[in-house]
Amino acid sequence: MAKLFSEFKIKNLKLKNRIVMAPMCMNSSDEEGHANNWHFIHYAARAIGGIGLIIVEATGVEDRGRISSRDLGIWKDSHIEGLKEIADLCRSYGAQTAIQLGHAGRKSIIDYIEPIAPSSLAFDESYRVPKEMTKEDIKTVINAFKEGARRALEAGFDAVEIHGAHGYLINEFLSPLCNKRKDEYGGCIENRARFLIEIIRAVKEVWPEDKAIFLRLSAEEYAEGGHHIEDTIEVVKLAAKEGIDAVNVSSGAVVHAKINVFSGYQISYAEKIKEAVDIPVIAGGLISSPEMAEEIIQNNRGDLVFLGRQLLREPYWPLRAAKELGEEIEYPHQYDRAKY
Ligand SMILES: Cc1cc2nc3c(=O)[nH]c(=O)nc-3n(C[C@H](O)[C@H](O)[C@H](O)COP(=O)(O)O)c2cc1C
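Residues numbered from 1 in each chain as written. Predicted model: local features only at pLDDT ≥ 70, side-chain atom pairs only at ≥ 80, totals over all residues. Heavy atoms only, no water.

(A) Spatial organisation of the packing of helix α1 (residues 37–48) against helix α2 (residues 80–92). Close contact between α1 and α2 brings their axes to 8 Å; oriented N to C, the two are set at 20°. With respect to their mutual orientation, α1 and α2 come out roughly parallel. Along this stretch, α1 crosses α2, giving a crossing that reads as right-handed. Mapping the contact onto sequence places H39, F40, Y43, A44 and A47 in α1 and G82, E85, I86, L89 and C90 in α2. (Axes fitted to C-alpha atoms, helices over the stretch in contact; angles between N-to-C directions. Helix = DSSP H or I, 4+ residues; strand = E, 2+ residues; numbered from the N terminus. Parallel < 35°, antiparallel > 145°, perpendicular 65-115°, else oblique. Left-handed = near helix turned anticlockwise from the far one by under 90°. Contact = heavy atoms within 4.5 Å.)

(B) Structural view of the site of the ligand. In the region of the ligand, 15 residues are neighbours, and P23, Q100, R216, L286 and R309 sit closest. Here a nitrogen atom of the ligand and a backbone polar atom of C25 are 2.8 Å apart. When the ligand is considered free in solution it has 600 Å² of accessible area, and contact with the protein chains removes 81% of it. Broken down by class, the residue content of the shell around the ligand amounts to eight nonpolar, five polar and two charged. (Near = heavy atom within 4 Å. Polar contact = N/O pair within 3.5 Å; in protein donor to acceptor, adjacent residues only side chain to side chain. Areas by Shrake-Rupley, 256 points an atom, 1.4 Å probe, with all protein chains shown as cover. Nonpolar A, V, L, I, M, F, W, Y, C, P; charged D, E, K, R; others polar.)

(C) Just the pairing of strand β9 (residues 212–218), in detail. Of all seven residues making up β9, seven are buried, and the element is well covered by its neighbours. By the alternation rule, side chains of β9 split into A212, F214, R216 and S218 and I213, L215 and L217, which are all buried. Looking at chain direction, strand β8 (residues 159–164) and β9 are connected through six bridges and run parallel. Looking at β9, one finds that A159 is bridged to A212. (Buried < 20%, exposed > 50% of the residue type's maximum accessible area, 1.4 Å probe, protein only. Pairing = 2+ DSSP bridges.)

Nothing here speaks to function; it is all geometry.
Next comes the structure, spelled out in structure tokens:
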């Protein structure tokens, strides 16, 4: 039996297979961050295609926390209705859903807001120099993550993912390359992780104990003085102690760096985290073939496999993957006559 099509459980999240749709910004909301037909059709199509878990794109917990002004938002109650539509549609077509709660920090390109960051360092010359966050700003953003989680719950998502990767705000605190603070939020790894830990605690105040919380991290920053896998393992251990239920392993985008990208280029990081910490790991990065996804699960290099761009090209990838791995899976009855 193909293990890719075996069930997996994280708390009360019951996945019918190990295939995860990676969070991917669609740049398609209205200027106020509301979801629309694009999101409903885009996500529902992947649910119909047989994906076990759909992680909805980075969704701003503050207006100034969006990367662009067309990103989804979750900073006010008017966002709940559209997000609920996404979660309901996906569930009705057999997928479980998570939503990625994010804050862009210094990488926001919205021109009407002032970007914020742990330290006043721009990403590069084309970005604005962010305002260094005060303790008050830190409290405000932590509370915004908590309020975002409350709205995610009201919208009916099965899980939330805290976006701690790709050089956005949480990652800016974690990385010694962008965090030069002299207070308790900077310096040693415990201090740099303090902002993340306080966010996890705040989210847990409103997020039910039986529902999963994921954390996405850039496991490798590909730059001297930045995080490498050993540092990331330390962060995962700190987060796991706070009750994070799974880690979604990505890499890069903290500073400009040369990355040697090839099929499966991030899997070794996922594997090392899995060896070091006893929580489920979501592995991926340039996976396109069913055999490769199956190999990752069979060899215990990840518990779940994420696919991003392949699912943009091919929303029904799981149907083809089942065929290629010799697995009989249930088709939407409307498509029964199209079985491979
Ligand atoms: C269009 C697009 C948008 C993305 N947006 C996000 C995002 O919102 N959050 C995130 O964590 N990663 C984002 N990513 C990264 C993907 O989640 C994924 O890690 C990356 O594409 C590598 O996987 P792949 O090779 O299977 O595409 C995005 C990638 C793409 C292509």
